[in-house]
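Each chain is listed here by its residues.
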Amino acid sequence: MRTRVCISIDTEFSIGGAFTSPDRQPVAEPMVWCEVGGRSQGLGFLLDQFERHRIPATFFVEAAHRYYFKDQDPMGGIVRRIAAGGHEVQLHTHPCWAVFQHEDWRERVRREPLQDEFFGRAEEDTVHLLRQGQQTFASWGLPAPTVFRPGNMQHDDAMFAAMARCGIPYSSCVGLAVFDSNDPRYRLYSGAHRRHGVLEMPVLTFQDWRLGGRRHLKTLTIAGTSFAETKLLLERAHEQQVPLVVLLTHPFEYVQRRDDQMRTARGNALHQDRLARLCRYLDGNRDRFLPTGMGEAGSALQAAPDERNVLLHGSGWRSICRLAEQAVNDRYGSWALARQGAPA
Ligand SMILES: [Zn+2]
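Fair warning: this is a prediction, and the values are worked out from it, not measured in the lab.

Rules behind the numbers
Residues numbered from 1 in each chain as written. Predicted model: local features only at pLDDT ≥ 70, side-chain atom pairs only at ≥ 80, totals over all residues. Heavy atoms only, no water. Donors = N, O, S within 2.8 Å, 3.2 Å for Na, K, Ca; no water. Buried < 20%, exposed > 50% of the residue type's maximum accessible area, 1.4 Å probe, protein only. Axes fitted to C-alpha atoms, helices over the stretch in contact; angles between N-to-C directions. Helix = DSSP H or I, 4+ residues; strand = E, 2+ residues; numbered from the N terminus. Parallel < 35°, antiparallel > 145°, perpendicular 65-115°, else oblique. Left-handed = near helix turned anticlockwise from the far one by under 90°. Contact = heavy atoms within 4.5 Å. Nonpolar A, V, L, I, M, F, W, Y, C, P; charged D, E, K, R; others polar. Core = buried A, V, L, I, M, F, W, Y, C linked by side-chain atoms within 4.5 Å. Pairing = 2+ DSSP bridges. Right-handed = clockwise from strand over helix to strand, strands pointing away. Disulfide = S-S within 2.5 Å. Salt bridge = Lys/Arg side-chain N within 4 Å of Asp/Glu carboxyl O. UniProt positions renumbered as here; feature names shortened; annotations may be inferred.

**Notes on the coordination of the zinc ion**
Okay, step 1: At 2.0 to 2.1 Å from the zinc ion lie its protein donor atoms, namely Glu 12 (OE), His 92 (NE2) and His 94 (NE2).
Okay, step 2: On the accessibility criterion, His 94 (10% relative accessible area) is buried.

**A closer look at the packing of helix H2 (residues 43-52) against helix H8 (residues 269-284)**
How two helices pack is summed up by the angle between their axes together with the distance between the axes.
Okay, step 1: Their axes nearest at 9 Å, the elements H2 and H8 cross at an angle of 20°. Looking at the two axes, H2 sits roughly parallel to H8. As for the relative orientation of H2 and H8, their crossing is right-handed in sense. Across the interface between the two elements, Phe 45, Leu 46, Gln 49, Phe 50 and Arg 52 of H2 pack against Gln 272, Leu 275, Ala 276, Cys 279 and Asp 283 of H8.
Okay, step 2: Tallied by class, residues from the contact of H2 with H8 come to six nonpolar, two polar and two charged.

**What to know about unusual backbone geometry**
Okay, step 1: The phi dihedral of Met 153 is positive, around 55°, even though this residue is not glycine.
Okay, step 2: Residue position: Met 153 is located in the loop between strand S6 (147-150) and helix H6 (157-165).
Okay, step 3: Its relative accessible area of 3% is what places Met 153 among the buried residues.
Okay, step 4: With phi around 65°, Asn 182 is a residue other than glycine that occupies positive phi space.
Okay, step 5: Checked against the element boundaries, Asn 182 lands in the loop between strand S7 (170-171) and strand S8 (193-195).

**Brief notes about the nonpolar core**
Okay, step 1: If you look at the biggest cluster of nonpolar residues, it comprises 73 residues, and the most contacted ones within it are Phe 50, Phe 59, Phe 148, Met 163 and Leu 282.
Okay, step 2: Excluding residues within four positions of it along the chain, Leu 282 makes contact with Val 5, Ile 7, Ile 55, Leu 234, Phe 289 and Pro 291.
Okay, step 3: Core analysis: the second largest hydrophobic core is formed by 16 residues, Val 147, Met 153, Leu 199 and Val 246 among them.

**Some details on the pairing of S6**
Okay, step 1: Neither face of S6 is exposed, since Val 147 and Arg 149 on one face and Phe 148 and Pro 150 on the opposite face are all buried.
Okay, step 2: The sheet contact formed by strand S5 (residues 88-93) and S6 spans three bridges and is parallel. Residue Leu 91 lies in a different strand from S6, and its bridge partner there is Phe 148.
Okay, step 3: Once the chain exits S6 it traverses H6 before rejoining the sheet at S7, and the crossover so formed is right-handed.

**A few points about the pairing of strand S1 (residues 3-11)**
Okay, step 1: Counting buried positions along S1 yields nine of nine residues, so the element is predominantly enclosed.
Okay, step 2: Here S1 shows two buried faces, one formed by Thr 3, Val 5, Ile 7, Ile 9 and Thr 11 and the other by Arg 4, Cys 6, Ser 8 and Asp 10.
Okay, step 3: In this sheet, strand S15 (residues 289-291) lies alongside S1 in parallel orientation, the contact comprising three bridges. In the sheet register, Val 5 faces S15, and the bridge partner there is Pro 291.

**Topic: the state of the cysteines**
Okay, step 1: The tally for this structure, following the rule as stated, stands at zero disulfides.
Okay, step 2: Of all cysteine sulfurs in the structure, the one in Cys 279 sits closest to Cys 6, which takes part in no disulfide; the separation is 13 Å.
Okay, step 3: With no disulfide partner, Cys 34 has as its closest neighbouring cysteine sulfur the one in Cys 279, 17 Å distant.

**Re the pattern of salt bridges**
Okay, step 1: Counted by the stated rule, this structure contains 22 salt bridges.
Okay, step 2: In this structure, Asp 10 and Arg 149 form a salt bridge, with 2.9 Å as the shortest nitrogen-oxygen distance. Of this pair, Asp 10 sits in strand S1 while Arg 149 is found in strand S6, placing the two residues 139 residues apart along the sequence. Grouping residues by exposure puts Asp 10 and Arg 149 together as buried.
Okay, step 3: Residue Asp 260 pairs with Arg 257 through a salt bridge whose shortest N-O separation is 3.1 Å.
Okay, step 4: The class for Arg 257 is partly exposed, based on a relative accessible area of 30%.
Okay, step 5: When salt bridges with common partners are traced through the structure, they connect Arg 54, Asp 283 and Arg 286 into a single cluster.

**Focus on the UniProt feature "domain: NodB homology" (unreviewed entry) in the protein chain**
Okay, step 1: Following the UniProt record, one finds the feature "domain: NodB homology" (unreviewed entry) at residues 46-170.
Okay, step 2: Here residues 46-170 is 41% helix and 13% strand, with 24 Å between the C-alpha atoms at its ends.

So this is what it looks like as structure tokens:
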């Protein structure tokens with residue numbers, strides 16, 4: 001059996017400090033394209049790599065930003081480019097954008113804490129947000145989303161009931177090292193699991209090291225995991241017949257930046273190298289791995305989900321190497337950005 005590999009990209013705009021400073025505004029396209037010197041180091045870089053290695057990916061596109069960008073539709077052109085590349089466009093929602101439906105949003109965010117939580121949200125409220133997403137997809141001329149991913153991987157049981165009510169058949173809501181609801185029913189490391197009739201395909205969570213009785217969990221992201229670690233996990237997943245591995249990334253992780261407008265920014269060579277190597281590896285090992293979109297994976301696994309919930313182990317040594325390479329990359333990046341930002 002080939003292991004399906006789903007590269008998932010949460011594609012979203014930034015509030016850009018608008019909630020805290022009256023002179024600041026949300027940032028749209030620069031957060032997704034991440035243009036540096038006329039070249040897209042974010043979405044453009046990703047689409048180019050996927051095309052070069054024939055990898056279909058899944059873009060979870062944030063939809064609640066429409067509450068702010070009402071008639072201007074900065075995401076419309078972006079989703080059309082993604083869909084034209086043969087990739088899946090699926091639904092992602094950050095509830096904090098919903099406050100913009102009120103004229104007095106500035107007063108509201110000053111008065112009460114920001115409502116960005118899906119955890120603990122009333123089911124009815126989540127249904128409302130999901131329907132707003134479905135309407136947004138229809139306005140973009142896209143097929144209805146079949147997979148949902150919440151902002152910050154925040155989930156609870158009521159969210160799954162809400163997805164079922166909205167007719168969303170698949171989800172990718174769980175990434176335990178990003179958010180743990182402490183509900184044992186949702187302590188999901190891998191596989192595909194039915195909850196309220198919705199098939200949940202968690203972002204892979206693995207054990208990256210163990211010291212005595214203490215173990216450390218990590219969720220599989222490009223920004224947080226070296227290529228050597230990812231490759232090891234893919235091999236172990238295949239050995240243990242884990243039917244799919246879901247990875248998480250964002251377009252803005254392929255730049256180092258000082259601001260969301262990308263005025264002072266540079267390509268992130270380390271993260272770009274990891275993604276490029278992963279795509280090349282998947283392309284060269286199609287006998288064992290099958291890169292697919294998440295909706296496609298959901299419909300393939302629907303009949304026989306893998307509920308074993310295998311916890312894969314990484315390698316402690318490789319995580320130490322990754323911490324070192326990350327530190328060098330971050331330090332060099334800050335130094336280079338400081339030089340770039342300094343007046344000539
Ligand atoms: Zn997000």
